[in-house]
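Residues per chain are reported as follows:
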Amino acid sequence: MSDVAQALTIAFKYANIHGDHHKMWVIDQMVRALTGDGYAAWVAEACDGEDGPDTYEWDEGIAP
């Protein structure tokens, strides 16, 4: 299954689950599917900002 297909499958199966913490998990799982081995670097870049590498937080959420 391609990375895109895997991410879309995750969205299809879990996106309707209630709770922000579960939706964050869905987003995190989709990012993991799309970035593969580059996940850690992607998260580091997402957290980097005007105040340094920890300007923003990345929430992995809670699995439903």
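Description of the structure in this document.

Conventions we followed
Residues numbered from 1 in each chain as written. Predicted model: local features only at pLDDT ≥ 70, side-chain atom pairs only at ≥ 80, totals over all residues. Heavy atoms only, no water. Helix = DSSP H or I, 4+ residues; strand = E, 2+ residues; numbered from the N terminus. Polar contact = N/O pair within 3.5 Å; in protein donor to acceptor, adjacent residues only side chain to side chain. Core = buried A, V, L, I, M, F, W, Y, C linked by side-chain atoms within 4.5 Å. Buried < 20%, exposed > 50% of the residue type's maximum accessible area, 1.4 Å probe, protein only. Contact = heavy atoms within 4.5 Å. Patch = residues over 30% accessible without salt bridge, like charges linked within 9 Å, V, L, I, M, F, W, Y side chains within 5 Å. Areas by Shrake-Rupley, 256 points an atom, 1.4 Å probe, with all protein chains shown as cover. Salt bridge = Lys/Arg side-chain N within 4 Å of Asp/Glu carboxyl O. Phe/Tyr/Trp six-rings, centres within 6.5 Å; stacked < 30°, edge-to-face > 60°. Lys NZ or Arg CZ within 6 Å of the ring centre and 35° of its normal. Expected span 1.5 Å × (residues − 1).

The next point concerns the side chain of Asp28. Mapping Asp28 onto the fold places it in helix H2 (residues 20–35). In terms of polar contacts, Asp28 uses its side chain to reach the side chain of Gln29, at 3.4 Å.

Time to look at the nonpolar core. One finds Ala7, Ile10, Trp25, Val26 and Ala33 forming the largest nonpolar core, which totals five residues. Looking at this core, the elements that each hand over two or more residues are helix H1 (3–14) and H2. When residues of this core are assigned to their parent elements, the largest contribution, three residues, is made by H2. If we ignore the near neighbours within four places in the chain, the residues touching Trp25 are Tyr14, Glu60, Gly61, Ile62, Ala63 and Pro64.

With that out of the way, let us pick up a nonpolar patch on the surface. Where nonpolar side chains cluster on the molecular surface, the patch consists of Val4, Leu8 and Leu34 and spans about 280 Å² of accessible area. Note that Leu8 resides in helix H1.

When we look at a pair of aromatic rings, we describe it by the centre distance and by the angle of the planes. Applying the stated criterion across every chain, the model contains two aromatic pairs. A centroid spacing of 5.1 Å and a plane angle of 90° characterise the contact between Tyr14 and Trp25, whose relative ring orientation is edge-to-face. Taken together, the residues span a long stretch of sequence, with Tyr14 in helix H1 and Trp25 in helix H2 at a distance of 11 residues. Residue class for Tyr14 comes out partly exposed when judged on its relative accessible area of 26%. For the pair Trp42 and Trp58, a centre-to-centre distance of 5.1 Å together with 80° between the ring planes defines the contact as edge-to-face. Pair noted here: Trp42 is in helix H3 (residues 39–47) and Trp58 is in the segment after H3, with a separation of 16 residues, a long-range link. On the basis of relative accessibility, which here comes to 35%, the residue Trp42 falls in the partly exposed class. Its end group placed over the ring of Tyr39, Arg32 keeps NZ or CZ at 4.1 Å from the ring centre.

With that settled, consider H2. Relative to the 22 Å expected for 16 residues at 1.5 Å per residue, H2 spans 22 Å between its end C-alpha atoms, a close match to the ideal helical length. Check the buried side of H2 and you find it contacts H1 and H3. Positioned one or two residues after H2, Gly36 has a phi angle of 55°, which is positive.

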